[in-house]
Amino acid sequence: MVDVADKLGYFQAITGLEDPDLCTEILQAHNWDLELAISSFTSSDPQNNDPDAASSSLIDSDHNRDPETNDYSPRPINDDPGLGPPPGIAWRIITLPISIVSGSLGLVSGAIGLGFWAAGGVLSYSLGMLGFGGRRGGGSDSRLVPSSAAGEAMEFVALFDRDYGRNGLKPGFVTEGFMDALQRSRSEFKLLFVYLHSPDHPDTPVFCDGTLCDEVFAAFLNENFVCWGGSIRASEGFKMSNSLKASRFPFCAVVMPAANQRIALLQQVEGPKTPEEMIAILQRVVEDSSPVLVTARVEAEERRTNLRLREEQDAAYRAALEADQARERQRQEEEERLEREAAEAERKRKEEEEARERAEREAAEREAARVRMRQEKALALGDEPEKGPDVTQVLVRFPNGERKGRRFESNTKIQTLYDYVDSLGVLETEEYSLITNFPRTVYGRDKESMSLKDAGLHPQASLFIEIN
C-alpha cells in the first residue's frame, strides 16, 4: 500500500504544486484518496461551472448497459439534424473538452490519471514515476510531457508498431489528433474507431496482439473505419478517456461527429474481446449506421455536383463579360495609354521611395524606443532576491511557449511584473494581461498597485500572457 509520503510526493509530481502543506490539505479533504484528489484537481475547468452545459454535455447511459456484453440497449438520440435518423443502436452525445476541440494542451496535470486504468478492482501501481515494474508500449517516460495532439498520435503509433503485431496486419491508426481524425472520418463518410491504450493493464498485450493485430479483424477495421488510438498517459488520450467515461480496459469505442463540437457515441466495448466478438459487434454498428452514412455521401455528392455546375456557369458568364469589357477598354484607352503609363510610373516610383524611407525611419525609431524601454525597466528591477519566506517565485508563460522565471519580494507591486515582462523583449506588444488559470484571475492594469502577497500570488505563482 502506498504510504502517506508516497501519496504526497505523487500528488505533487502530477499536479505541479510545490507547497507540501497545500497538497496535504487537498489530500486530507479527500480522505487521502489519491485518485479522487487528482480527479478533483484536474477537473477544475471553468466551463464545468455552467450547469446548463453540464446537464446537456453527457447523457448518462450506465443503466442501459448490458452487464454481460458491455453494450448499450437502444436509446436513439439524434442531436444533429444533418445526420438524418440515428442508427438502431444507442447513441450518447458527448461534448468534447475545449482543449481537444482547439488543439490546446491545457494543463499537463492529470494525464497519468491514477486509477483510470484499473480493471476488476485491481489498481495498477506500475508507474515509472514510482519506480515499480516494467511496461510494454508505454513509451520512454510514464509522466505526461507537453506535446501536440499530432505528436502524441505519432508517438502512440510508433510504440504500437514497435510492440505489437510484428508479423501481421495492423489497424491503420492515423497519426493525427482526435479532432483531425474525426474530420477525416466525416470527409471519408466512415465511422471513427477509438482505441484507448492502457500500457500497464494486464489484458493490454493479449488484446493488442491477439485481437487488434488479428489479420481478419485488422482488415475489417481498416476497410470500414477511420482508426484513432491514444495512450491514457498522453494528454489527449487521458482527456478522451474522461469524456468517454472509460472505466475498464482495453477500451474501444465507435463515434461519429455531432453538432456543436460534440460526438455521438454509437458503441463502446470495455474489457478483452476476441477478434470474432469484436467483428460481430462492429459489424452490427456498421450495418445500423449505413443508412446515415450513405445518405450523407449522396447529399454531399449532390452538393458538389450542383456547386461545380454553378461554378462552370459563373465562369463562362464572367469570361464572356470580361472579354467584352476588355475590348471596350482597349478601344477607349489606346490613344492615352503611353502618356498615362509614363506618368503613373513616375508617380509610383516617388511614392515607393517616400514610403520606404518613412517606414525605415519609423521602424528605427520604434526599435530604439523599445530598446530604451527594456533597458530602463531592467535596471529598475534591481537584483533578484535570494529565496526566503518573504520572497515570491513567479513563472511567466508566453504565447510562444517560452517560460521565464524570477524571484521578487512579496511586497513587490504587480506593476513590477509587467515591467519584468516588458524588459525581456519577448512580446511585440504592450497590450496584454497577466492571468492565472486555476482559478482564472486576470491581473490587469487596474491591479498594478497591488502587492504580490495581497494579490494571492505568494509564495509562488504561475502566470500566463493573454494578448488583449
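Just so you know, these numbers come straight off a predicted model, no measurement behind them.

Peer 1: Would you mind showing me how to read the pairing of strand β3 (residues 225-231) here?
Peer 2: It is a general feature of regular strands that their side chains alternate between the two faces of the sheet. With seven of its seven residues buried, β3 lies for the most part within the structure. With seven bridges connecting them, strand β2 (residues 191-197) and β3 associate as parallel partners. Residue pairing in the sheet places Leu192 in a bridge with Val226 of β3.

Peer 1: How should I be thinking about the sheet that holds strand β7 (residues 403-409) in this particular structure?
Peer 2: Paired through backbone hydrogen bonds, the strands of a sheet run either parallel or antiparallel to each other. The five strands lie next to each other as β7-β6-β10-β8-β9, forming an open sheet whose pairing is mixed. Two strands lie at the open edges of the sheet, namely β7 and β9 (440-443), each paired on one side alone. Averaged over all pairs of adjacent strands, the angle between strand axes in this sheet comes to 30 degrees, irrespective of strand direction. Sheet analysis places strand β8 (residues 432-437) next to strand β10 (residues 460-467), joined by four bridges and oriented antiparallel. If you follow Ser433 over to β10, its bridge partner there is Glu466.

Peer 1: Can you help me understand the packing of aromatic side chains in this one?
Peer 2: Geometrically, a pair of aromatic rings is defined through the distance of the ring centres and the angle of the planes. The tally for this structure, following the rule as stated, stands at 12 aromatic pairs. When the ring of Phe408 is compared with that of Tyr420, the centres are 5.6 Å apart and the planes differ by 80 degrees; the resulting orientation is edge-to-face. Pair noted here: Phe408 is in strand β7 and Tyr420 is in helix α13 (residues 414-424), with a separation of 12 residues, a long-range link. The two residues Phe408 and Tyr420 agree in class, both being buried. Three or more aromatic residues joined by ring pairs make a cluster, and in this case those are Phe156, Phe160, Tyr164, Phe173, Tyr195 and Phe207. Above the plane of the ring of Phe408 lies Arg406, whose end atom (NZ or CZ) is 4.9 Å from the centre. Positioned above the aromatic ring of Tyr432 is the side chain of Arg445, whose terminal nitrogen or guanidinium carbon lies 5.3 Å from the ring centre.

Peer 1: Explain the state of the cysteines to me, please; I cannot follow it from the model alone.
Peer 2: Here is the idea: a disulfide is a covalent bond, and it sits between the sulfur atoms of two cysteines. For the coordinates displayed, the defined rule picks out zero disulfides. Of all cysteine sulfurs, the one in Cys208 lies closest to Cys213, which takes part in no disulfide; the gap is 6.7 Å. Cys213 gets classed as buried once you look at its relative accessible area, which sits at 7%.

Peer 1: I'm lost on the pattern of salt bridges in this one. Help?
Peer 2: Any two side chains of opposite charge can pair if their charged atoms end up close together. Scanning the model with the defined rule gives 24 salt bridges in all. Where Arg162 meets Asp163, a salt bridge forms, and the shortest distance between an N and an O atom there is 2.9 Å. Asp163 sits in the buried class, given a relative accessible area of 7%. A salt bridge links Glu336 to Arg340; the nearest nitrogen and oxygen atoms lie 3.5 Å apart. Take Arg340: its relative accessible area is 36%, and that puts it in the partly exposed class.

Peer 1: Got a minute to help me understand the packing of helix α12 (residues 337-381) against α13 in this structure?
Peer 2: In helix packing, the relevant descriptors are the interaxial angle and the interaxial distance, both defined with respect to the helix axes. Between α12 and α13, the least distance of the axes is 8 Å, while the angle of their chain directions is 130 degrees. Of the possible angle classes, the one that applies to α12 and α13 is oblique. Our pair here, α12 against α13, has a crossing hand that is left-handed. Residue-level contacts link Met373, Arg374, Lys377, Ala378 and Leu381 of α12 to Thr416, Asp419, Tyr420, Asp422, Ser423 and Leu424 of α13.

Peer 1: Could you clarify how one ought to interpret the packing of helix α9 (residues 215-224) against helix α11 (residues 275-333) in this entry?
Peer 2: One can describe the packing of α9 onto α11 by two numbers: an axis separation of 10 Å at closest approach and a directional angle of 20 degrees. When the axis of α9 is compared with that of α11, the two are roughly parallel. The two elements α9 and α11 cross, and the hand of that crossing is left-handed. Packed against α9, whose contacting residues are Val216, Phe217, Phe220, Leu221 and Asn224, the element α11 presents Pro275, Met278, Ile279, Leu282, Gln283 and Val286 at the interface. Residues of the contact of α9 with α11, tallied by class, amount to nine nonpolar, two polar and no charged.

Conventions used here
- Think of each chain on its own: its residues are numbered from 1, step by step along the sequence as written.
- A pLDDT threshold of at least 70 governs which residues receive local features in this predicted model, and a stricter bar of 80 or more applies before side-chain atom pairs are shown or counted, although totals over entire chains, interfaces and linings include all residues.
- Hydrogen atoms and water are omitted, and side-chain values are computed over all heavy atoms in the structure.
- Each residue is assigned to one of three classes by its accessible area relative to the maximum for its type, calculated with a 1.4 Å probe on protein chains only: buried under 20%, partly exposed between the two thresholds, exposed over 50%.
- Only runs of H or I of at least four residues qualify as helices and only runs of E of at least two qualify as strands under DSSP, and these elements are numbered from the N terminus.
- Whether two strands pair comes down to DSSP finding at least two bridges between them.
- Lines fitted to C-alpha atoms define the axes, with helix axes restricted to the stretch in contact, and inter-axis angles between N-to-C directions lie between 0 and 180 degrees.
- Stacked, tilted and edge-to-face are the three classes applied to pairs of Phe, Tyr and Trp rings, where Trp contributes its six-membered ring and a pair requires centres within 6.5 Å; stacked means planes under 30 degrees apart, edge-to-face means over 60, and tilted covers the rest.
- Geometrically, a charge over a ring is one whose NZ (Lys) or CZ (Arg) sits within 6 Å of the ring centre while staying within 35 degrees of the ring normal.
- Two cysteine sulfurs form what is called a disulfide whenever their separation falls within 2.5 Å.
- By salt bridge we mean one thing: a side-chain nitrogen of Lys or Arg within 4 Å of a carboxyl oxygen of Asp or Glu.
- By the definition adopted for this analysis, an angle is roughly parallel if under 35 degrees, roughly antiparallel if over 145, roughly perpendicular if from 65 to 115, and oblique otherwise.
- Less than a right angle of anticlockwise turn of the near helix away from the far helix marks a crossing as left-handed, whereas a clockwise turn marks it as right-handed.
- In what follows, a contact means two residues having at least one pair of non-hydrogen atoms within 4.5 Å.
- Lys, Arg, Asp and Glu make up the charged group, whereas Ala, Val, Leu, Ile, Met, Phe, Trp, Tyr, Cys and Pro make up the nonpolar group; the residues left over, Gly among them, are polar.

Note that all results are geometric; they support no functional claim without further evidence.
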